[in-house]
Amino acid sequence: MAGGFAAHVAKPRLTSRPTPFRRVRKDASLLLDADRCLRLRSRYSDCDRCAQACPQRVLRACDSGFRLADGCLSCGRCSAACPTDALQTEGFALNPSRASASQAPLFVDCWKVPPSLSARDATRVPCLGGIALHRLVQWHVMSEGRQIVLLDRGWCGRCSAGSGAIHPAQEALDAARALLAGLGMSTNTLPRLESLPLPPAQMPADIPGPLAARTVSRREFFSGMTRAAARAITPVVVGEHGESGQSCSARLGKIETTAHSQLLAQAAALGERHGRPLPAGLFPALRVSDACRNHRVCAATCPTGALQAHANGDGASAGIAFDAAACIACGDCTRACPEQALAVVPRGDGEVPQGATVLTRWALRECYDCGREFADPGSSNVCPVCRETRQLMHTSFSQLFGSVRGLHGEPSPEQTSIGTD
């Protein structure tokens, strides 16, 4: 089972056109791909995970764009929370050669720690809280058996990017450990948090920039200066005063690579390697009630293509199908459904879904009034649009000619014919 599913998710399809990331502000390291942002793509989205994750509350997502006020720490916690990787923060890349250079633990340190106090081959990031779950699992795969050790310097509780009593990396770390253990990883290879405190007086007030965060060679210094100059002229998508960049529209294609799809791809590869199936809990479930009327607005709204309109080969039926591997549980479909017939629910223990499964199947008929093909669960020969039109006409005639009933004691011939098949 693991091998079949790995083939299904491990090689995500490439998008037909690249969508470049642009700097949210000229003085910030936060990058945005507006085409991937749920909030900018659809009026049905209420996603604000990035804003909720921001420790300074200076980031706000709205329908018209992003607002980034003064005070951004460049900690990356907003990008770690983004379900579609629409937001990215510089400084969280892992060098593959460094990851597999030895069998010693791969230490991960914060940029606030002076480079001279970090291990020689340590991976340094702006903030440990900015490491997303899928990134942590990806690092585990890249490290080829080396244990990833996040170093807790005792500063997080005092840092403006911290989370008080709870370490900012703890949630992602716990989720990664649980997932990797379920896929057969031994305990001594699971990523962990190690306390290695430093004196509080050594902690700088702000997260330093990439050049100050590490020791660089002469070549790296001048390369960094070139990148810094490029940053100054990089187009801004949304600035501090709310200048909006190019708006997204319904013509955008589906988002085919998300944080969740990357997590599934890495987990599937590990599961195949160790002969373990993926946990069913990684896959959301979708419940459809009897109120569904096959409007298929849900499939048109779904940002990742997890919901798809389908028809059988002989053209006798149609409906919607659901691919749980592509679902990011954003809830856009539930808000877009005119009948409120959909609900995203956790999946219980059971078999891992393989590909898209049919959720609804409706008989196809030709409408008696307009001649268009429509799907309906009953036996009506009139499509829902024409039925609503008939009902509206019936109501209008009743309101306009209600006095006729009073005068003659029976409805007019026009009223009698309205609403009949």
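For the structure itself, consult the block above.
Predicted, not measured: the structure shown is a model, and the values here were computed from it. (Residues numbered from 1 in each chain as written. Predicted model: local features only at pLDDT ≥ 70, side-chain atom pairs only at ≥ 80, totals over all residues. Heavy atoms only, no water.)

Quick look at the layout of surface pockets now. Size it by volume and the second largest pocket reaches roughly 870 Å³. For the second largest pocket, the lining is made up of 33 residues, of which Arg49, Ala80, Ala81, Leu133 and Glu171 are closest to its centre. For the lining of the second largest pocket, the element with the highest residue contribution is helix H7 (residues 170-182), accounting for four residues. Class assignment for the residues of the lining of the second largest pocket results in 22 nonpolar, seven polar and four charged. (1 Å grid on protein atoms, 1.4 Å probe; cavity = no way out; pocket = protein on both sides within 12 Å on 5 of 7 lines; lining within 4 Å. Points joined across faces, edges and corners; volume = space filled by probe spheres on them. Helix = DSSP H or I, 4+ residues; strand = E, 2+ residues; numbered from the N terminus. Nonpolar A, V, L, I, M, F, W, Y, C, P; charged D, E, K, R; others polar.)

The terminal C-alpha atoms of helix H9 (residues 259-274), which comprises 16 residues, lie 23 Å apart, in line with the 22 Å expected from a rise of 1.5 Å per residue. Buried within H9 are the following residues: Ala259, His260, Ser261, Leu263, Leu264, Ala265, Gln266, Ala267, Ala268, Leu270 and Gly271. Positive phi appears at glycine 275, one or two residues downstream of H9, with a value of about 70°. (Expected span 1.5 Å × (residues − 1). Buried < 20%, exposed > 50% of the residue type's maximum accessible area, 1.4 Å probe, protein only.)

Turning our eyes to something else, we now look at empty space enclosed by the protein. Under the defined criterion, the tally for this structure stands at six cavities of 30 Å³ or more. There is about 160 Å³ of room inside the largest cavity. In terms of lining, the largest cavity is formed by 18 residues, of which the most central are Cys110, Lys112, Trp155, Cys156 and Cys159. In the lining of the largest cavity, the residues fall into 13 nonpolar, two polar and three charged. Each pocket or cavity is described by its volume, and for the second largest cavity that value is around 130 Å³.

Note on placement: aspartate 63 falls in the loop between strand S3 (59-62) and strand S4 (65-68). On a C-alpha basis, the gap between aspartate 63 and aspartate 46 in space is 8.8 Å, while along the polypeptide they are 17 residues apart. Contact partners of aspartate 63, with chain neighbours within four places excluded, come to Arg39 and Leu40. (Contact = heavy atoms within 4.5 Å.)

With that settled, consider H7. An α-helical segment advances 3.6 residues per turn. Residues three or four places apart therefore align on the same side. Helix length check: H7 (13 residues) gives 18 Å between terminal C-alpha atoms against 18 Å at 1.5 Å per residue, within 8%. Taken together, the buried positions of H7 are Ala172, Leu173, Ala176, Leu179 and Leu180. Looking down the long axis of H7, one finds its buried residues gathered within 135° of arc, a one-sided arrangement. For H7, the exposed residues set more than 90 degrees away from the buried face come down to Glu171 and Ala178. Structurally, H7 contributes buried residues whose contacts are with helix H6 (133-143), strand S8 (148-152), strand S9 (192-195) and H9. Where H7 ends, the next residue or the one after it, glycine 184, has phi of about 100°, a positive value. (Arc of directions from axis to C-beta.)

In space, the three strands of this open sheet follow the order S1-S2-S5, with antiparallel pairing throughout. In this open sheet, the two strands that pair with only one neighbour each are strand S1 (22-23) and strand S5 (87-89). Both S1 and strand S2 (residues 30-32) contribute to a ladder of two bridges, which runs antiparallel. Paired with arginine 23 across the bridge in S2 is leucine 31. (Pairing = 2+ DSSP bridges.)

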